[in-house]
There are 2 protein chains.
Amino acid sequence: MGKKKRSYDQYCTVARALDVVGERWTLLVVRELSTGPKRFKDLLGGLPGIGTNLLTARLKALEQEGIVRRATLPPPAGSNVYELTELGWSLEPVIVALSRWGSKLLGAPREEDDLRPGWAAVAMRSAVESGAEGGSPGVYEYRIDGEVFHLRVGDGKVETRQGAAPDPDLVVMGEPGTFLAVTSGRLSPKEAVESGALRVEGGTEESRDALLARYLTVIGPAVG
Amino acid sequence: MGKKKRSYDQYCTVARALDVVGERWTLLVVRELSTGPKRFKDLLGGLPGIGTNLLTARLKALEQEGIVRRATLPPPAGSNVYELTELGWSLEPVIVALSRWGSKLLGAPREEDDLRPGWAAVAMRSAVESGAEGGSPGVYEYRIDGEVFHLRVGDGKVETRQGAAPDPDLVVMGEPGTFLAVTSGRLSPKEAVESGALRVEGGTEESRDALLARYLTVIGPAVG
DNA sequence: CGGAATCCTCTTCGATACTG
DNA sequence: CAGTATCGAAGAGGATTCCG
């Protein structure tokens, strides 16, 4: 019994995209994988509220569409993980556009809201000025509530990945909520640093201010 | 009886965006309005398969979120229409990103697919090179299967609207399928014009080639 | 014309329990 | 750890009806 997938049946680029990634949870799975490969369990942790059956179903569908692929991490890890294919990575602009738009709506956290460091990392990636994609190259490490990410800007590309950077220009530390307050425009990066809500390390003592200045030209509120 | 809206309950910019526009049909309603205000009946026509009850529900939700507003067209039309608010228009990058990604997936039309001129117009808008948003200003009129749209590029903005342009630089005519073949990269604009699948008018006989050349620098396949 | 409301069926979702 | 299985609840789809 081939369960025919539900489709809008419209010969339209937008509808076709939504046929594939428009179902509930699907783009959030892509969001989780947009910082790097993850195990089933990690995905569950980053998607509170999804059922195991639904996550399985979404991953299976995404694999079938060529957006996600299963892989085994090189030793010594050796874990089975899910990762984005090239087609999957090409959804980045969609995630970024949604994140930038969502920044406008993001007020203060609500009582019932969950919050994960990875979500802050995704928001910070979308806060990189699109004009900066050509210039202002650099590698910035984020330590958010114990989890580590890095943002790499250069060669016309911007990427955020889980894990430490080999040799970051700058390290920025803080709570997830602080990073999100910055991307949503409720807190300026400058203020955040001055108040100590964000701590900055890296470079020599003399170069730190210059590095920070450069970093501040790269990021900005995602709103706008 | 406040039916509490379903939410991901994540303090995340992407999840917040999807809380608001992630439901089935919602972004397609926005797509329809992205070429200008429309009456309920026109929306139904542009969204084959949606029920009147569901369209009503989506419009009501969008209105409540401040994305859509009801308006009355100035005389002599006087129709009651739905139009995007400023917040609604700011969803353009999301529609464009989805359209560009969907262009990769769009093969030949399937048996069961519907096809509307407006969908081709949306795809053509997303095919405008992002680099062109600063330069190459111009107004291009599309006549697609009897319906008229125009694309305006300039001042760092790109917009497609229903209706004729007052004084277009160029008029391009053709079937919806042809426009979509161009945006999906299966047919080069140059070939389309040379084969007569797209007809071009406007300018003087001497300036037409220059205009067309300029137009071709503005658009390109949305894929990529 | 421009919706809103109702009814019924089907699919999808969400939560939990269970298994290799 | 990585999923399957199951089942009640919610949402979607389609038709039809009602209302101003």
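Residues numbered from 1 in each chain as written. Chains lettered and ligands numbered in written order. Predicted model: local features only at pLDDT ≥ 70, side-chain atom pairs only at ≥ 80, totals over all residues. Heavy atoms only, no water.

(A) Inspection of the pairing of strand E2 (residues 80-84) of chain A at higher detail. Residue and element names in this part refer to chain A. Among the five residues that make up E2, four are buried, leaving the element largely enclosed by the rest of the structure. Taken together, the five bridges between strand E1 (residues 68-72) and E2 define a ladder with antiparallel strand orientation. By the bridge assignment for E2, Arg69 is matched with Glu83. (Buried < 20%, exposed > 50% of the residue type's maximum accessible area, 1.4 Å probe, protein only. Helix = DSSP H or I, 4+ residues; strand = E, 2+ residues; numbered from the N terminus. Pairing = 2+ DSSP bridges.)

(B) The arrangement of the protein's contact with DNA strand D in detail. Every one of the 18 residues lining DNA strand D counts as a neighbour, but A:Lys41, A:Thr52, A:Tyr82, B:Arg24 and B:Arg58 are closest to it. Close to the protein, within 4 Å, the atoms of DNA strand D are drawn from sugar and phosphate at a rate of 77%. Here a base oxygen of DNA strand D sits 3.1 Å away from a polar atom, N or O, in the side chain of A:Asn53. Between a phosphate oxygen of DNA strand D and a main-chain N or O atom of B:Gly49, the distance comes to 3.0 Å. Sorting the residues of the surface near DNA strand D by element identifies helix H3 (40-46), helix H4 (52-64) and E2 of chain A together with helix H4 (52-64) of chain B as the ones contributing at least two each. At four residues, the largest contribution of residues to the surface near DNA strand D is made by H4(A). (Near = heavy atom within 4 Å. Polar contact = N/O pair within 3.5 Å; in protein donor to acceptor, adjacent residues only side chain to side chain.)

(C) Looking closely at helix H2 (residues 26-33) of chain B. For H2(B), the buried fraction is high: eight of the eight residues fall into the buried class. Buried residues of H2(B): B:Thr26, B:Leu27, B:Leu28, B:Val29, B:Val30, B:Arg31, B:Glu32 and B:Leu33, and no others.

(D) Representation of the sheet that holds strand E6 (residues 170-174) of chain B within the structure. Residue and element names in this part refer to chain B. Taken in spatial order, the five strands make up an open sheet running E5-E4-E3-E6-E7, and their pairing is mixed. At either end of the open sheet lies a strand with only one pairing partner, and these are strand E5 (157-162) and strand E7 (198-201). Strand-to-strand twist of the sheet, defined as the mean angle between neighbouring strand axes without regard to direction, takes the value 20 degrees. Here E6 pairs with E7 via four bridges, running antiparallel. From the neighbouring strand, Gly174 faces E7, where its bridge partner is Leu198. (Axes fitted to C-alpha atoms, helices over the stretch in contact; angles between N-to-C directions.)

(E) Expanded view of the protein's contact with DNA strand C. Around DNA strand C sit 16 residues, and of these A:Trp25, A:Asn53, A:Arg58, B:Thr56 and B:Arg70 come closest. Backbone atoms, meaning sugar and phosphate, make up 69% of the atoms of DNA strand C lying within 4 Å of the protein. Separating a phosphate oxygen of DNA strand C from a side-chain N or O atom of B:Arg70 is a distance of 2.7 Å. If you list the elements that add at least two residues to the surface near DNA strand C, you get H4 of chain A together with helix H3 (40-46) and H4 of chain B. Tallied by class, the residues present in the surface near DNA strand C amount to four nonpolar, six polar and six charged. (Nonpolar A, V, L, I, M, F, W, Y, C, P; charged D, E, K, R; others polar.)

(F) View of the packing of aromatic side chains. Per the counting criterion, the structure on display carries eight aromatic pairs over all chains. Both rings, one in A:Tyr8 and one in B:Trp25, keep their centres 4.8 Å apart while their planes meet at 70 degrees; by these two values the pair is edge-to-face. You can see A:Tyr8 sitting in the segment before helix H1 (13-21) and its partner B:Trp25 sitting in the loop between helix H1 (13-21) and H2, one on each of two chains. As far as the burial class goes, A:Tyr8 and B:Trp25 line up, both buried. Centroid distance A:Tyr140 to A:Tyr215: 4.8 Å. Interplanar angle 50 degrees. Geometry classified as tilted. Note that A:Tyr140 is positioned in strand E3 (residues 138-144) and A:Tyr215 in helix H10 (residues 208-218), a separation of 75 residues in sequence. Counting every residue linked through ring pairs, the aromatic cluster contains A:Tyr140, A:Tyr142, A:Phe179 and A:Tyr215. (Phe/Tyr/Trp six-rings, centres within 6.5 Å; stacked < 30°, edge-to-face > 60°.)

(G) Quick peek at unusual backbone geometry. Its identity as a non-glycine residue notwithstanding, A:Asp9 has a phi of 50 degrees, on the positive side. With respect to the helices, strands and loops of the structure, A:Asp9 is situated in the segment before H1. Judged by its relative accessible area of 26%, A:Asp9 is partly exposed. Despite not being glycine, B:Asp155 has its phi angle at roughly 55 degrees, a positive value. Among the structural elements, B:Asp155 can be located in the loop between strand E4 (147-154) and E5.

(H) Summary view of the pattern of salt bridges. Per the counting criterion, the structure on display carries 30 salt bridges over all chains. A salt bridge links A:Arg69 to A:Glu83; the shortest N-O distance between them is 2.7 Å. Pair noted here: A:Arg69 is in strand E1 and A:Glu83 is in strand E2, with a separation of 14 residues, a long-range link. In this structure, B:Glu112 engages B:Arg110 in a salt bridge whose closest nitrogen and oxygen atoms are separated by 3.8 Å. A residue is classified by how much of its surface remains accessible, and B:Glu112, at 44% relative accessible area, is partly exposed. In the salt-bridge network here, residues are joined through shared partners; they are A:Asp9, A:Arg16, B:Arg110, B:Glu112 and B:Asp113. (Salt bridge = Lys/Arg side-chain N within 4 Å of Asp/Glu carboxyl O.)

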